[in-house]
Amino acid sequence: MQSLTPAKRREPVFRALELIAHGLVRAQGLDLTFTGVQNIPSTGGAVLTINHTGYMDFLPAALGVYRAGRRTRFMIKSEVMDIAIMRFLVNHTSTVPVDRSEGAQAYTAAVDALRAGEIVAVYPEATISRSFELKAFKTGAVRMAAEARVPIVPAIVWGAHRQWTKTGKRNMGRSKLPVSVRFGLPLAIDSAVDPSAETARLRDAMSTMLHEVQDAYGEHPKGEFWVPARLGGSAPTPEEAAVIETEEAQRKAEERARKASSRKDAHR
């Protein structure tokens, strides 16, 4: 029997996930609004950079790419490989797991996928922003685009953090929440320019987009957990969030060190 190519092996899983995603959106009654879908290249590789405000913002972004007739490969934390169902999905959708201790391997896999003509989605902030404003960007997205010689398509998702984020109550039922997704004009990345400068240009473009999407979104009630402090909400300011995230990162590092020490002791 002829073996299936990787693309054909993941086709049924991709299709099943798309059906599940559309069913989930209908069940939740989400009011999805997409703009700039035409900015997604119809063919060829591209880096999709998405702001990161919650655990569900990947879904509206992927559905927007789907509307353009494309599919998305996400770069995600390698920890999800510890979960059987997630391991299956990662292996059958060519998702790129990122082990922070071995980032070069994930970077190479992403560049290879881009050169093969795929859209690779990246969160340049790396982790969820507690302030719901843009955090500092890592340079990985720009470096990948430059090496693979593909454009970057900036994307903003706003409203999905009202479903599930690091603060506030989880709201995954029939919420009927409005969620806006905007895809910006593709940015050609100049490989001769310092990655930090190009990353700053990308962040500036996404910051402008974020403010425009927020302005068009509708009401941002004062004091709500999902509303940035800049707009009168109770979310921490970027400076306050940075302190929280630094403390959180330290606790996680200590926990990883403790587990590593326990594993060593168990093998003695």
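Residues numbered from 1 in each chain as written. Predicted model: local features only at pLDDT ≥ 70, side-chain atom pairs only at ≥ 80, totals over all residues. Heavy atoms only, no water.

## Considering the overall build of the chain
Consideration 1: Within the chain one finds 7 helices and 7 strands.
Consideration 2: Secondary structure elements of the chain occur, N-terminal to C-terminal, as α-β-β-α-β-α-β-α-β-α-β-β-α-α.
Consideration 3: Within the chain, residue pairs in contact and separated by at least 24 positions form 74% of the contacts whose partners lie at least 6 positions apart.
Consideration 4: As displayed, the chain has an accessible area near 14300 Å², and 54% of this comes from carbon and sulfur atoms. (Helix = DSSP H or I, 4+ residues; strand = E, 2+ residues; numbered from the N terminus. Contact = heavy atoms within 4.5 Å. Areas by Shrake-Rupley, 256 points an atom, 1.4 Å probe, with all protein chains shown as cover.)

## Points about the pattern of salt bridges
Consideration 1: Per the stated rule, a full pass over the model turns up 9 salt bridges.
Consideration 2: For the salt bridge of arginine 115 with glutamate 147, the shortest nitrogen-to-oxygen distance reads 3.9 Å. Here arginine 115 is found in helix H4 (residues 103-115), whereas its partner glutamate 147 is found in helix H5 (residues 140-148), with 32 residues between them in sequence.
Consideration 3: Overall, glutamate 147 belongs to the partly exposed group, its relative accessible area being 38%.
Consideration 4: Where salt bridges share partners, they join Arg130, Lys166 and Glu248 into one cluster. (Salt bridge = Lys/Arg side-chain N within 4 Å of Asp/Glu carboxyl O. Buried < 20%, exposed > 50% of the residue type's maximum accessible area, 1.4 Å probe, protein only.)

## So, the side chain of arginine 70
Consideration 1: Mapped onto the secondary structure, arginine 70 falls in the loop between helix H2 (58-67) and strand S3 (72-77).
Consideration 2: Although arginine 70 lies buried, it forms no salt bridge, and the closest oppositely charged side chain, glutamate 118, sits 7.3 Å away as judged by the N-O distance.
Consideration 3: Within the structure, arginine 70 has its side chain in polar contact with the backbone oxygen of glycine 44 (distance 3.0 Å).
Consideration 4: Excluding residues within four positions of it along the chain, arginine 70 makes contact with Ile40, Pro41, Ser42, Thr43, Gly44, Val65, Gly117, Glu118 and Ile119. (Lys, Arg positive; Asp, Glu negative; His and termini not counted. Polar contact = N/O pair within 3.5 Å; in protein donor to acceptor, adjacent residues only side chain to side chain.)

## Considering the nonpolar core
Consideration 1: Core analysis: the biggest nonpolar cluster contains 34 residues, and Val47 and Met144 have the highest contact counts within it.
Consideration 2: Contributions of two or more residues to this core are made by H4, strand S5 (119-122), H5, strand S6 (152-158) and helix H6 (195-217).
Consideration 3: The residues touching valine 47, leaving out its near neighbours within four places in the chain, are Leu114, Val120, Val122, Ala141, Ala145, Val150, Pro151, Ile152 and Val153.
Consideration 4: Of all hydrophobic cores here, the second largest spans 27 residues; its members include Val37, Ala61, Val157 and Val179. (Core = buried A, V, L, I, M, F, W, Y, C linked by side-chain atoms within 4.5 Å.)

## Regarding the packing of aromatic side chains
Consideration 1: Overall, the coordinates contain 3 aromatic pairs when judged by the stated rule.
Consideration 2: Ring geometry for phenylalanine 58 and phenylalanine 74: centres 6.1 Å apart, planes at 90 degrees, overall edge-to-face. A residue pair is termed long-range when its members are at least 10 positions apart, and phenylalanine 58 in helix H2 and phenylalanine 74 in strand S3 qualify at 16 residues.
Consideration 3: Accessibility expressed as a relative area gives 33% for phenylalanine 58, which makes it partly exposed.
Consideration 4: Measuring from centroid to centroid gives 6.1 Å for tyrosine 217 and tryptophan 226, while their planes differ by 70 degrees, and the two rings are edge-to-face. Here tyrosine 217 and tryptophan 226 have matching classes, each one buried.
Consideration 5: Positioned over the ring face of tryptophan 164 is arginine 170, at 4.0 Å from the centre of the ring. (Phe/Tyr/Trp six-rings, centres within 6.5 Å; stacked < 30°, edge-to-face > 60°. Lys NZ or Arg CZ within 6 Å of the ring centre and 35° of its normal.)

## Digging into unusual backbone geometry
Consideration 1: Here the phi dihedral of alanine 126 falls at roughly 75 degrees; this positive angle occurs in a residue that is not glycine.
Consideration 2: Within the secondary structure layout, alanine 126 lies in the loop between S5 and H5.
Consideration 3: Positive phi, normally seen in glycine, also occurs at phenylalanine 132, with a value near 65 degrees.
Consideration 4: Position of phenylalanine 132 among the secondary structure elements: in the loop between S5 and H5.

## Comments concerning the environment of proline 195
Consideration 1: Looking at the secondary structure, you find proline 195 in helix H6.
Consideration 2: What makes proline 195 partly exposed here is its relative accessible area of 28%.
Consideration 3: Expressed as a C-alpha distance, the spacing of proline 195 and threonine 139, which sit 56 residues apart in the sequence, is 6.2 Å.
Consideration 4: When neighbours within four sequence positions are excluded, proline 195 is seen to be in contact with Thr139, Val142 and Arg143.

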